[in-house]
Amino acid sequence: MDRFDAMQAFVRVAETGSFTRAATDLGLARATVTQLVQQLEARLRVRLLDRTTRRVSLTADGSAFLERALRLLADLDDAETGLPGQAAAARGRLRVDMPSPLARLVVVPALPAFHARYPEIELVLGASDRVVDLMGANVDCVVRGGELADGSLVARRLARLALGVYAAPAYLERHGTPAHPGELEGAAHRSVGFLWASSGRPLQPVLRRGTEQVQVRARPRLAVDDGNAYQAAVLAGLGVAWMPRYMADAHVARGELVELFADWRLAPMPLSLAWRPRPQVGARLRAFIDWMVELMAPYDAG
């Protein structure tokens, strides 16, 4: 038994939940994949997978071994593609997690160009606004807005995203247009809060105009923890919200949102790509980092 072949077969079965799909992905016969996993279990003397006629699931030992197998396979791939003669050979699977609006509005529409440049990279994209444990979630890197709280990660700044304050025309018809940010703290207005995953609390933005500074401490009538839901709530007229301009510009152009306090400024939001420290960055991760830097350059507030 080739242990790396067996680990690769086990990982693919665990990820797909199916021996048949794993065999198709690996270009092997189903019986071969089954045999490789059985041989691996025999060598380890533990049961890695529970099999029924309906589904395949990881045992507790299988979950623990999956994390280690993924690390070993990633290290092997990095060793192969990290050689000087393989510098351009960006290939293999890359698992990425990023905010859902960024994925929907910016990254996914640009992926045809990424795949044309790197046809041998298989991208597994998670779109969420939750805090992701890179090891526990089997993720290679994350893209996140705001200051990164996990100091154990290596990070690359992608951009400083310009922010604005917005409301839907229907909201302004009902509640009036505020002339000063301080009015948002009064009873006449409503806000939509975005709950930061790291703190569970809504953002309280600081707006500046010349020497004047206001931190808006509005209590939201609605708070959400997903960027797409946040955007939808503002478009539905549920309240005033502050968001990156890339999420709002198209809606402003179509008259679906109105920018408020245009002569005030909010501090730009850092956007970073982070990954676990390792002796060297693999070719596929390096390719994705460089591509993301290029992609986000037009959105950088400077």
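Notes on the structure in this doc start here. (Residues numbered from 1 in each chain as written. Predicted model: local features only at pLDDT ≥ 70, side-chain atom pairs only at ≥ 80, totals over all residues. Heavy atoms only, no water.)

Some thoughts on unusual backbone geometry
Then comes step 1: The phi angle at Arg45 is positive, at roughly 65°, despite the residue not being glycine.
Then comes step 2: By the secondary structure assignment, Arg45 is in the loop between α3 (30-44) and β1 (49-51).
Then comes step 3: A positive phi angle is found at Phe261, which is not glycine, with a value near 55°.
Then comes step 4: Mapping Phe261 onto the fold places it in the loop between β13 (258-260) and β14 (265-266). (Helix = DSSP H or I, 4+ residues; strand = E, 2+ residues; numbered from the N terminus.)

Points about the sheet that holds strand β7 (residues 163-167)
Then comes step 1: Reading across the sheet, the 3 strands line up as β12-β7-β13 and stay open at both edges, with antiparallel pairing between neighbours. Whereas interior strands pair on both sides, the edge strands pair on one side only; in this sheet they are β12 (241-244) and β13. Each strand of the sheet is rotated relative to its neighbour by a mean of 50°, with strand direction disregarded.
Then comes step 2: Looking at chain direction, β7 and β13 are connected through 3 bridges and run antiparallel. Counterpart to Val165 in the pairing with β13 is Leu260.
Then comes step 3: Relative to the sheet, helix α7 (residues 227-235) contacts β7 and β12, its axis offset from that of β12 by approximately 130°.
Then comes step 4: Those strands touched by helix α8 (residues 245-253) are β7, β12 and β13, and its axis lies near 105° from that of β12. (Pairing = 2+ DSSP bridges. Axes fitted to C-alpha atoms, helices over the stretch in contact; angles between N-to-C directions. Contact = heavy atoms within 4.5 Å.)

Side note on the pattern of salt bridges
Then comes step 1: This model, assessed by the stated rule, comprises 11 salt bridges.
Then comes step 2: In this structure, the salt-bridge partner of Arg209 is Glu212, at a minimum N-O distance of 3.1 Å.
Then comes step 3: The residue Asp263 makes a salt bridge to Arg209 at a minimum N-O spacing of 3.1 Å. On the criterion of sequence distance, the pair formed by Asp263 in the loop between β13 and β14 and Arg209 in strand β9 (residues 206-209) is long-range, its members being 54 residues apart.
Then comes step 4: Residue classification places Arg209 among the partly exposed positions, given a relative accessible area of 32%.
Then comes step 5: Through salt bridges that share partners, Arg12, Arg93 and Glu122 make up one connected network. (Salt bridge = Lys/Arg side-chain N within 4 Å of Asp/Glu carboxyl O. Buried < 20%, exposed > 50% of the residue type's maximum accessible area, 1.4 Å probe, protein only.)

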